[in-house]
Protein chains: 2
Amino acid sequence: MKNMVYIQSGGPTSVINSSLYGAYKEASLHPEEIDHIYGSINGVEGLIEDKLFDLKAEDPHQVELLKQTPGAALGTTRRKLPKDIDDPIYMEIVKNLKKHNIGYVFVNGGNDSMDTCNKLSILANKLNLDIRVMGVPKTIDNDLACTDHTLGFSSAAKAVINQIYAVSKDALCYKVGKTHIIEVMGRNAGWLTAAADLVPEDGHPDLIYLPEMKFDIEEFVKEVEKIHQEKGYGIVVVSEGLQFERQGKNEVDSFGHAQLSGTGLALSEILEQRLGLKSRVVELSILQRANPFLLSLTDRDEAIDVGRFAVKAALEGTTGKMVIIKRLSSTPYVTKLELANLDLVANAEQKVPESMMLNHHRMADSFREYLRPLIQGNVELSYKDGIVELTTFKKEIVK
Amino acid sequence: MKNMVYIQSGGPTSVINSSLYGAYKEASLHPEEIDHIYGSINGVEGLIEDKLFDLKAEDPHQVELLKQTPGAALGTTRRKLPKDIDDPIYMEIVKNLKKHNIGYVFVNGGNDSMDTCNKLSILANKLNLDIRVMGVPKTIDNDLACTDHTLGFSSAAKAVINQIYAVSKDALCYKVGKTHIIEVMGRNAGWLTAAADLVPEDGHPDLIYLPEMKFDIEEFVKEVEKIHQEKGYGIVVVSEGLQFERQGKNEVDSFGHAQLSGTGLALSEILEQRLGLKSRVVELSILQRANPFLLSLTDRDEAIDVGRFAVKAALEGTTGKMVIIKRLSSTPYVTKLELANLDLVANAEQKVPESMMLNHHRMADSFREYLRPLIQGNVELSYKDGIVELTTFKKEIVK
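A quick note: this is a predicted structure, and the numbers were derived from the prediction, not measured.

1. Details of the interface of chain A and chain B
Counting from both sides, the interface comprises 70 residues of chain A and, opposite them, 70 residues of chain B. Buried area between chain A and chain B, summed over both chains or domains, comes out near 5900 Å², and the portion from carbon and sulfur atoms is 60%. Taken together, the links from chain A to chain B amount to six salt bridges. With a shortest N-O distance of 2.9 Å, Glu45(B) and Lys175(A) are connected by a salt bridge. Inspection of the chain A/chain B interface yields 18 residue pairs in polar contact (both at pLDDT 80 or more). Contributions of two or more residues to the side of chain A that touches chain B are made by helix H6 (153-171), helix H9 (249-253), helix H10 (257-260), helix H11 (263-275), strand E9 (279-283) and strand E13 (387-388) of chain A. Classifying every residue of the side of chain A that touches chain B gives 29 nonpolar, 24 polar and 17 charged.

Laid out in C-alpha cells, this is it:
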C-alpha cells in the first residue's frame with residue numbers, strides 16, 4: 001500500500017480546488033491501494049522542503065467547500081525545477097517521496113507545471129521508483145495543447161461575459177458617457193478576451209482586441225473616436241497582452257508606473273492625449289479567475305471528473321500522462337476524457353486560431369459555438385450569514 | 001385620473017431598478033387613480049426634453065427582470081436643476097407635466113437627486129399644480145441623512161465583502177506574495193470600505209483605511225512594511241476618498257495620470273518608492289455597484305417595498321417627502337418605513353460615526369452589528385444560456 005501526494009502549481013483558477021476534490025474523492029474509494037492523501041504545501045516546494053499535510057485529517061466540511069473555493073487551497077508556487085535531472089534538489093524530492101512512501105504524484109497546473117510534472121515522471125522512471133506521476137490541466141488562459149479546453153477557462157470566460165454585461169448596463173445609462181476600457185487577462189492567448197463577444201446585444205462591446213490580432217494604435221484611436229461620435233460612449237474590451245509602443249514610458253517609469261499601468265491605463269492615456277477623450281479603465285483583475293459567484297457548472301463538474309480520472313488512470317498503472325478533454329460534439333455537448341504524453345503538452349501553446357477571428361467587432365460563429373456549451377449551468381453556493389463559505393485547511397505538517 | 005412619471009437620477013446601484021419595479025407594481029394596482037406609468041429617459045432630462053416612455057407598453061418579462069438588473073433601466077443623469085425656481089427650464093418641465101397630465105412624480109436618487117426632487121416639489125406647490133412629488137432614496141455610499149441606510153448600499157457592501165474574500169483566497173496562495181491594495185468606492189463616506197471588516201478571518205484584510213480616519217502616509221508605509229515582514233504579503237483595503245499628497249503628481253499630470261491613477265495606484269507607487277515593495281492594485285470598480293451576482297435579498301426586497309411605499313403615500317395625498325427606513329431592532333432585524341421632509345435630506349451627509357471605528361485593523365462591534373442584517377439572503381437569478389438576463393426597454397417616446 002502506498003500514499004499519494006497532490007500538488008497545485010502556477011496561477012490559481014476558480015475550479016483548481018474542484019480537481020483536488022475529485023482526486024480526493026476517487027482516492028478515498030480505494031483505501032486498499034491508497035492510504036494517506038497528502039497535500040503538498042505551496043506546490044513542489046512542499047515536496048522539496050518536506051511540508052506535506054494529511055487531507056483526511058481535515059474537517060470534511062472544508063473538503064466539501066473545495067468545490068466552490070477559488071485560489072489554491074494547498075498553496076501554490078511559481079517555482080520551476082532545474083533542467084538538469086542530476087541537480088541535488090531532485091535528491092531532496094526523492095528522499096521525501098521515499099520517506100512518505102509515495103506511490104502516486106498528481107500535479108495540477110498549466111504549461112510550466114506540466115514541465116514540472118514531466119520532470120518528476122522522468123525522475124521516477126530513471127531511478128526506477130515505483131511512483132506514478134499524472135498531470136491535471138488547468139489555466140484560465142486556455143492555451144494548453146492537446147486538450148479541447150482547459151479547466152478554469154470556462155468559469156473565467158463566464159465571469160468575463162457576465163461581468164462585462166453588468167458593467168455595460170451601468171456604463172450605458174448616461175446619455176453621454178465615458179468610453180469604458182475593460183481589460184481582460186491573457187498575455188499571449190486571447191481566448192478570455194474573445195469571450196466578451198458572447199455578451200448580449202444590449203451590452204455588447206463596440207470593440208474587442210485580442211493579442212492574436214494585428215494591433216495598430218492609429219487604427220485603434222480612429223475606431224474609438226468613430227464609436228464615441230456615433231454613440232456618445234463606448235465599450236472597448238482589450239487583452240492585457242496587446243503589443244504597442246507605450247507612450248511616455250521612460251518618464252513614467254521613473255514614477256514606478258511601468259509595473260503599475262496596465263494595457264488599459266496606457267490606452268486610456270493615449271486616447272486622452274490624441275482625442276482629449278476621457279475614458280474609464282475597468283480591470284476585471286483577479287475576479288476573472290477567483291470568482292465563485294460565476295462558476296460554470298460544466299467547468300466545475302469537468303474539473304471534478306478530470307481529478308477522478310487522473311486517480312483512476314494512475315491506479316490502472318498509467319504514468320507520465322496528462323488528462324485531456326476531447327470534444328465529440330457541441331450540440332449536444334459531448335466529451336470524453338483521454339490521456340496525452342506530458343512532453344507533448346509541456347512546451348506547446350494554443351492560441352485562438354485565425355478561423356475564429358473576424359474583426360474588432362465580432363468573433364466568428366465557430367468561436368461562439370465552441371464557447372457556449374462551456375459556460376452552461378450555475379453552481380449553488382453555500383453561504384453563511386451572507387458571506388460565501390470558502391475552504392481553509394489547518395495544514396498540520398506530517399512528520 | 002392622472003398619469004405618473006418615474007425618474008432615476010445620479011449614479012446607479014444594483015437595486016435602483018427594484019425600486020422602480022415596486023413603484024410600477026403598486027401603481028398598477030390602482031388603475032382608477034393612475035393611468036399611464038411613464039419612465040423619464042435620462043432622469044430629469046426626459047422631463048425637460050419631453051422624452052417619456054410608457055412602461056405598460058414594454059414586454060412584461062423585461063419589467064420582471066428589473067429585480068436583477070443593475071444600472072438605471074430608464075437612463076439617468078448627473079444634471080442639476082438651477083437654483084432659481086423662475087429659470088425658464090422649469091417652464092419646460094411644467095409644460096410637459098401638463099401635456100402628459102402628470103399627477104405623480106417619483107425621483108429615485110441620492111443627495112443631489114433629492115435636491116432635484118425638492119425643487120420639483122416646491123415648483124408644484126408654488127404654481128398650485130395638482131402634482132404629488134416623492135423621493136425614493138438610493139446610493140451605495142450610505143451617506144443620506146434621516147434613514148438607517150440607503151438602498152443599494154447593502155448589496156454593494158455584500159459585493160465588497162464577498163469579492164475581497166475571494167481575492168484574498170487567490171492572493172494568499174503563494175508563500176511570499178505581493179501586497180494587494182484593494183480600492184473601494186466612497187469619496188467622503190467610508191461605509192463601503194468599512195464593510196471589508198466583515199470578511200472572515202482566513203481572508204480578513206490586514207489593514208483598512210476609511211476617509212473618516214486620520215490618514216498619515218508615513219504611518220501607512222510603516223504599517224504595510226510591518227505586515228509584509230511578518231507575513232510575506234498583505235491585504236490592504238483603501239477608500240478611494242483617502243486624502244494625502246500624491247507624489248510626483250505634477251509630472252504625472254502631463255501624461256494624463258491625474259485623472260487615471262486612483263488612490264490605490266498612487267499608494268502603490270509610494271510603497272514602491274519608499275520600500276521597493278511591489279504591490280498589486282485591485283479596484284473593485286463598477287462591480288461594486290453593478291453586481292447582480294451578489295445582491296442582498298434584504299436590500300432587493302427593501303428596494304421594492306420602498307418603491308411601493310412611495311406610491312401608496314402619494315396616493316394617500318403625501319407630497320414633498322422622501323421614504324426613509326427606520327430600524328427598530330438588529331436581532332431580529334426589524335424595520336419600518338417612514339417619511340422625511342425632502343429639505344432635511346437634500347443637503348446633509350451621513351458619515352461613519354467615530355463610535356464605529358476602532359483602528360486600521362478592526363471596526364467596532366457596533367459596526368458589524370449594524371451591517372450584518374443588511375447583507376442577508378441571496379437573490380436567485382434568471383439566466384439564459386449561461387448569461388444573466390438583464391432588462392432592456394424599447395423606450396418608444398410618448399407623443
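2. Looking at the packing of helix H8 (residues 217-231) of chain B against helix H11 (residues 263-275) of chain B
All names here are of chain B. At a closest axis distance of 11 Å, the pairing of H8 and H11 adopts a crossing angle of 70 degrees. Taken together, the axes of H8 and H11 lie roughly perpendicular to each other. Residues Ile217, Glu218, Phe220, Val221, Val224 and Glu225 of H8 form the contact with H11, whose participating residues are Leu267, Ile270, Leu271, Arg274 and Leu275. Broken down by class, the residue content of the contact of H8 with H11 amounts to eight nonpolar, no polar and three charged.

3. Digging into the sheet that holds strand E5 (residues 132-137) of chain B
Residue and element names in this part refer to chain B. Ordered by their spatial adjacency, seven strands build an open sheet running E3-E2-E1-E4-E5-E10-E11, and the pairing between neighbours is mixed. Among the strands making up the open sheet, the edge pair consists of strand E3 (52-54) and strand E11 (334-341). The mean inter-strand angle of the sheet, taken between neighbouring strand axes irrespective of direction, is 30 degrees. Summarising the sheet, strand E10 (residues 321-329) and E11 pair through eight bridges and their orientation is antiparallel.

4. Describing the confidence of the model for chain A
Mean pLDDT over chain A works out to 93, with 96% of the residues at or above the 70 mark. A low-confidence stretch, residues 248-260 of chain A (pLDDT under 50), is modelled with 22 contacts involving residues beyond four sequence positions or located in other chains.

5. So, the nonpolar core
One broad trend across soluble globular proteins is that nonpolar side chains are buried collectively. Counting residues in each nonpolar core, the largest one holds 166 residues, and the members touching the most others are Leu371(A) and Leu371(B). The residues touching Leu371(B), leaving out its near neighbours within four places in the chain, are Phe153(B), Ala157(B), Ile161(B), Ala195(B) and Leu198(B).

6. Looking at the sheet that holds strand E11 (residues 334-341) of chain A
Residue and element names in this part refer to chain A. Read from one edge to the other, the open sheet built from seven strands follows the order E3-E2-E1-E4-E5-E10-E11, with strand pairing classed as mixed. Each edge of the open sheet carries a strand with a single partner, namely strand E3 (52-54) and E11. Along the sheet, successive strands turn relative to each other by an average axial angle of 30 degrees, direction set aside. As paired strands, strand E5 (residues 132-137) and strand E10 (residues 321-329) are joined by two bridges and run parallel to one another. Paired with Met134 across the strands is Lys321, a residue of E10. Lying over the sheet, helix H12 (residues 297-315) contacts strand E2 (34-40), strand E4 (102-109), E5, E10 and E11, oriented at roughly 165 degrees with respect to E5.

Procedures and definitions
- Residues numbered from 1 in each chain as written.
- Chains lettered and ligands numbered in written order.
- Predicted model: local features only at pLDDT ≥ 70, side-chain atom pairs only at ≥ 80, totals over all residues.
- Heavy atoms only, no water.
- Contact = heavy atoms within 4.5 Å.
- Buried area = accessible area lost by both parts, 1.4 Å probe.
- Salt bridge = Lys/Arg side-chain N within 4 Å of Asp/Glu carboxyl O.
- Polar contact = N/O pair within 3.5 Å; in protein donor to acceptor, adjacent residues only side chain to side chain.
- Helix = DSSP H or I, 4+ residues; strand = E, 2+ residues; numbered from the N terminus.
- Nonpolar A, V, L, I, M, F, W, Y, C, P; charged D, E, K, R; others polar.
- Axes fitted to C-alpha atoms, helices over the stretch in contact; angles between N-to-C directions.
- Parallel < 35°, antiparallel > 145°, perpendicular 65-115°, else oblique.
- Pairing = 2+ DSSP bridges.
- pLDDT = per-residue confidence, 0-100.
- Core = buried A, V, L, I, M, F, W, Y, C linked by side-chain atoms within 4.5 Å.
- Buried < 20%, exposed > 50% of the residue type's maximum accessible area, 1.4 Å probe, protein only.

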